[in-house]
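A closer look at the structure
Letter by letter, the chains look like this.
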Amino acid sequence: MGIEDKVVLITGGSGGLGQTVVPAFLSAGARVISGDLNPLPVQPAGVMAIKADVTDHADAQRLVNEAIRTSGRIDALINLVGGFAAGRVVETDMSTWQRMLTMNLTSAFSLSKAVLPHMLERGMGRIVHVAARAALEPLPGAAAYIVSKSGLVALIRTLSIELSGLGVTVNGVLPNTIDTPGNRKAMPDADPSKWVRPEAIAQTLIFLASDEAIQINGALIPIG
């Protein structure tokens, strides 16, 4: 796919999903910048790591500016940042509510807003956010998480409409439970063979960031 030599900013690249996504982009020939609050002490060869808190708008802008300054451009933004919290509405305190909105929605807004002027000036770019299948098919017991991911879906749709015909596409992938070490630890009695393989998500992200995906805009792709 047409991803070779593209500069790809991956946020959350040191997380459970990111540790599969980053090497997959590298193997596909991309030049990867990983933006993380807690970067891995040892990064895969060829990755430039930048420490940043993308839930803070100013720091998200600094991350984008530094990535452009060091690499000359950003061809694609792959946003993996997010978090999970359980609890029905009646059980959810305001701290949890705000934390889910900040991690899952505000971070995506700030990153999109930061990178868009650069992409629009160039007349090209790819933005892909990782939402969740539960955003379209809500389940009981994770109210703040589901609402925040639903907000992310709305953001993706809104951006895709605003940017239609301008050379910049915005899409989302909506995985079910992902098979990561963190999820295995959190749900020891579950059957991970039924979960989504990170490799499947990575290949979908690579395609959406590629030249071949130029006509795909506003897609919400469920996985698993």
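Let us look at the structure shown here.

Each value, and the rule that gives it
Sequence order as written defines the numbering, with residues in each chain counted from 1. Given that this is a predicted model, residues contribute local features only at a pLDDT of at least 70 and side-chain atom pairs are listed and counted only at 80 or more, while totals for whole chains, interfaces and linings are drawn from all residues. The side-chain numbers reported here are obtained from all heavy atoms of the structure, hydrogens and water having been left aside. Pairs of strands are assigned from DSSP output, requiring at least two bridges between the strands. Going along the chain from the N terminus, every DSSP run of H or I of four or more residues is numbered as a helix, and every run of E of two or more is numbered as a strand. Axis angles are defined between N-to-C directions and span 0 to 180 degrees, where every axis is a line fitted to C-alpha atoms and, for a helix, only to the segment in contact. Think of it this way: a Phe, Tyr or Trp ring, Trp meaning its six-membered ring, pairs with another when their centres are within 6.5 Å, and the plane angle makes it stacked under 30 degrees, edge-to-face over 60, tilted otherwise. Exposure categories follow from relative accessible area, calculated using a 1.4 Å probe and restricted to protein chains: below 20% of the type maximum is buried, above 50% is exposed, and the middle band is partly exposed. A contact between two residues is defined here by any heavy atoms of the two lying within 4.5 Å. What sets the label is the angle itself: under 35 degrees gives roughly parallel, over 145 gives roughly antiparallel, 65 to 115 gives roughly perpendicular, and the rest give oblique. The hand of a helix crossing depends on one turn: near helix anticlockwise from the far one by less than a right angle means left-handed, and clockwise means right-handed. Only Asp, Glu, Lys and Arg are considered charged in this grouping, and only Ala, Val, Leu, Ile, Met, Phe, Trp, Tyr, Cys and Pro are considered nonpolar; every other residue, Gly among them, is considered polar.

**Quick look at the sheet that holds strand E6 (residues 168-175)**
- Here we have 7 strands laid out as an open sheet, ordered E3-E2-E1-E4-E5-E6-E7, and parallel in their pairing. Unpaired on one side and paired on the other, strand E3 (48-51) and strand E7 (220-223) mark the two borders of the sheet. Across the sheet, the axes of successive neighbouring strands diverge by a mean angle of 20°, strand direction being ignored.
- Two strands pair when backbone bridges link them, and strand E1 (residues 7-11) and strand E4 (residues 76-79) are joined in this way by 4 bridges, in the parallel orientation. By the bridge assignment for E4, isoleucine 10 is matched with isoleucine 78.

**Points about the packing of aromatic side chains**
- With the rule as written, the count across this model stands at 1 aromatic pair.
- Here the aromatic rings of phenylalanine 84 and tyrosine 145 are separated by 4.9 Å at their centres, their planes lie at 65°, and the arrangement is edge-to-face. Linking phenylalanine 84 in the loop between E4 and helix H3 (94-122) with tyrosine 145 in helix H4 (residues 143-162), this pair joins segments that are 61 residues apart in sequence.
- Looking at tyrosine 145, the relative accessible area reads 15%, which means it is buried.

**Quick notes on helix H6 (residues 198-208)**
- Residues Pro198, Ile201, Ala202, Thr204, Leu205, Ile206 and Leu208 constitute the buried set of H6.
- Looking at the buried residues of H6, the elements they touch are helix H1 (18-27), E4, strand E5 (125-130), E6 and E7.

**A look at the packing of H3 against H4**
- At a minimum axis distance of 7 Å, the contact between H3 and H4 shows a crossing angle of 20°. In terms of orientation, H3 and H4 fall into the roughly parallel class. With respect to the hand of their crossing, H3 and H4 are arranged in right-handed fashion. Between H3 and H4, the residues in contact are Thr96, Trp97, Met100, Leu101, Asn104, Leu105, Ala108, Phe109, Ser112 and Leu116 and Ala144, Tyr145, Val147, Ser148, Lys149, Gly151, Leu152, Leu155 and Leu159, respectively.
- The residue makeup of the contact of H3 with H4, split by class, is 13 nonpolar, 5 polar and 1 charged.

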